[in-house]
Each structure stands twice: as C-alpha cells, then as structure tokens.
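# An overview of the molecular structure
This is what each chain is made of:
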Amino acid sequence: MKKIAFVLCGVLSLPAFASEYDTYAGFRIHKNENLAFKYDVRGNDDINIRKDNFGIGAVVGNRLSDNVKIEFETSYTGAQQNRYNTDFDFDIWSNMFNMYLFQEFSGAIAPYVGLGVGFAAIWSDIDAPTYRISDSTFDLSYQIMFGVNFALNDRIDFNLGVKYQYYGDIEHESHGREIATTTASGTEVYFGAVYKFGL
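What you are looking at is a predicted structure, and each value in this text was computed from that prediction instead of being measured. (Residues numbered from 1 in each chain as written. Predicted model: local features only at pLDDT ≥ 70, side-chain atom pairs only at ≥ 80, totals over all residues. Heavy atoms only, no water.)

## Considerations on the nonpolar core
As a rule of thumb, soluble globular proteins bury nonpolar side chains together. Selection rule: Within this scheme, the nonpolar core is defined by two criteria: the residues are buried Ala, Val, Leu, Ile, Met, Phe, Trp, Tyr or Cys, and they are joined through side-chain atoms within 4.5 Å. Type-normalised accessible area, obtained with a 1.4 Å probe on protein chains alone, sets the label of each residue: buried when under 20%, exposed when over 50%, and partly exposed for intermediate values. Under the DSSP-based scheme used, a helix requires at least four consecutive residues in state H or I and a strand at least two consecutive residues in state E, with every element numbered from the N terminus. Contacts are residue-level and defined by heavy atoms, with any inter-residue pair within 4.5 Å sufficient.
Core analysis: the largest hydrophobic core is formed by 16 residues, its most contacted members being Phe37, Tyr39, Ile92, Ile122, Tyr167 and Ala184. Broken down by secondary-structure element, the contributors of at least two residues to this core are β1 (23–41), β5 (86–102), β6 (109–127), β8 (156–174) and β9 (177–197). In this structure, Ile122 is in contact with Asp91, Ile92, Asp135, Ser136, Thr137, Tyr167, Gly168, Asp169, Ile170 and Ala184, ignoring residues within four places of it in sequence. Judged by nonpolar contacts, the second largest core, of 9 residues, contains Val59, Tyr100, Phe102 and Ala110.

## Notes on a nonpolar patch on the surface
Here is the rule: The patches reported here contain residues having more than 30% relative accessible area and no salt bridge. Joining distances are 9 Å for like charges and 5 Å for nonpolar side chains (Val, Leu, Ile, Met, Phe, Trp, Tyr). Each accessible area value is a Shrake-Rupley result obtained with a 1.4 Å probe; residue values ignore everything except the protein chains displayed when judging cover. A carboxyl oxygen of Asp or Glu within 4 Å of a side-chain nitrogen of Lys or Arg is what we treat as a salt bridge.
Together, Phe27, Ile29, Phe54, Ile56, Phe105, Ile109, Phe150, Leu152, Phe158, Leu160 and Phe191 make up a nonpolar patch on the protein surface, roughly 1000 Å² of accessible area in all. Within the element layout of this structure, Phe105 appears in the loop between β5 and β6. The class of Phe105 is partly exposed, set by a relative accessible area of 48%.

## Observations concerning the packing of aromatic side chains
The following threshold applies: Paired rings are identified among Phe, Tyr and Trp, the last through its six-membered ring, by centres lying within 6.5 Å, and are further divided according to the angle between planes into stacked (under 30 degrees), edge-to-face (over 60) and tilted (the rest). Only lysine NZ and arginine CZ atoms are considered, and such an atom sits over a ring when it is within 6 Å of the ring centre and within 35 degrees of the ring normal.
Applying the stated criterion across every chain yields a total of 7 aromatic pairs. With a centroid separation of 6.5 Å and 20° between ring planes, the pair formed by Tyr195 and Phe197 is classed as stacked. Residue classification places Tyr195 among the partly exposed positions, given a relative accessible area of 42%. Linked through ring pairs, Phe27, Phe158 and Phe191 together constitute an aromatic cluster. Above the plane of the ring of Phe54 lies Lys31, whose end atom (NZ or CZ) is 5.8 Å from the centre. Above the ring of Phe102, the side-chain terminus of Lys69 is found at 6.0 Å from the ring centroid.

## Considerations on the side chain of Asn159
With respect to the secondary-structure elements, Asn159 resides in strand β8. Not counting residues within four places of it along the chain, the set of residues in contact with Asn159 comprises Arg28, Tyr112, Val148, Asn149, Tyr190, Phe191, Gly192 and Ala193.

## Considerations on the pairing of strand β3 (residues 54–63)
Stated formally: The pairing criterion for strands is at least two bridges between them, as found by DSSP.
Bridge analysis of β3 against strand β4 (residues 68–83) gives 8 bridges, and the strand direction is antiparallel. Counted as the bridge partner of Val60 is Phe72 from β4. The antiparallel pairing of β3 with β4 creates a hairpin that spans 4 residues between the two strands.

## Section: the environment of Ile92
Checked against the element boundaries, Ile92 lands in strand β5. Along the chain, Ile92 and Trp123 lie 31 residues apart, while their C-alpha atoms are 6.5 Å from each other. Contacts of Ile92, omitting those with residues within four sequence positions, involve Phe37, Ser75, Tyr76, Thr77, Ala120, Ala121, Ile122, Tyr167 and Ala184.

## Let's talk about the pattern of salt bridges
Taken as a whole and assessed by the stated rule, the structure comprises 8 salt bridges. The partner of Glu73 in a salt bridge is Arg28, with the nearest N and O atoms 3.5 Å apart. Pair noted here: Glu73 is in strand β4 and Arg28 is in strand β1, with a separation of 45 residues, a long-range link. Like Glu73, the residue Arg28 is buried in the burial classification. Across the pair Lys196 and Asp157 runs a salt bridge whose closest N-O atoms are separated by 3.0 Å. With Lys196 in strand β9 and Asp157 in strand β8, this pair connects stretches of sequence that are 39 residues apart. Salt bridges here are not isolated pairs; linked through shared partners, they connect Arg28, Glu71, Glu73, Lys163 and Glu188.

Listed below in structure tokens is the structure:
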C-alpha cells in the first residue's frame, strides 16, 4: 500500500508544472472479452475459467508534452463460475501507473499506445464438494493498451481502446500447505471519458 500511495502522490503532484487543461480526471468502463483464471491444482489437470463481464475504474493523469502523458488508474473486476461441481469466485482491485505515447491529428483525434505497471489485490473463494478455500494476495501487475482518444472540446475527451492485463498469481492453501495456484489475466475492451482542467 505504501508503494501505491507514493505513486498516487507523485501523479497528483505533477499538474503543478503543467500548462492549462493538461490535467484530467475521469472514469473508465471495461468489457472483459476474455477474463481468464488458470486454476493449477497440484498433481492434477488445470481448470481454465473464462468469463466475459464488466468492470469499472477511475483515472487521474497529466499531459507532459505533445506526445506523452502519464496516468494513475484504479479499477475493479471479477468473475464467478461453476466448473466440475466447484464454485469459483474471484475479485480483483488493480492500481496501475500508466504511460502513453500518442499523436494528435487535427487537434481532435489521437491514436495511442500505453504501458502500465502496478499492483493488484486478488481475492478468491473456491467451494468444492470436498473442500472450501478462501485466499487473498497482493501481486505485481502489468498491462499494454492501444486506442484512440477523441477531444469533444477543450474540456472533455472520450477514448476507446483494447488492452491485455496480467493481474497476478494467487496461491491457495489448505491445512497450512499450498494445494493450487491461480493465474489471472484478461483481454479487455474499454470506453472512458475525462474532464480536463488546469492547476
């Protein structure tokens, strides 16, 4: 948590050096086209859980130059599914520091590519006929994004994009020993809107 607080404070302090309307804050809604949880049971076959659902997040960022901007993003997603008479329930809260390279055309359309790194908190609840395990972890996460930003006016931007995010691994323990590991990742399409202002 200390590292996340440090990153957030750094991002929030940058607007003091920015020009007018270079700072922004907004929301992002993402559709998980392939949110995958690979449940690797020791000594048995893997169970792959794939779920299409929605998530929501918030962003705050700053445009550093004509082609670079940075951003702090916090978001929530999750999945529930029953496979082989076992109920799987996962919740993910990720906190990412993103950097984008973009190119504006006609002052209104800006294709971009972005990279993000941060941490994800993952909670799991697995209820099988012979056991029930609940675990949580805080793991390194990364993502890569492609999209297009549309400037509606001087204050409001919309953006559309697609991203791949590796959320992390969570270990499952029973009676003090590890019995399985789940790897969480997802390919997502997202829509967002931000309000730009100056400080």
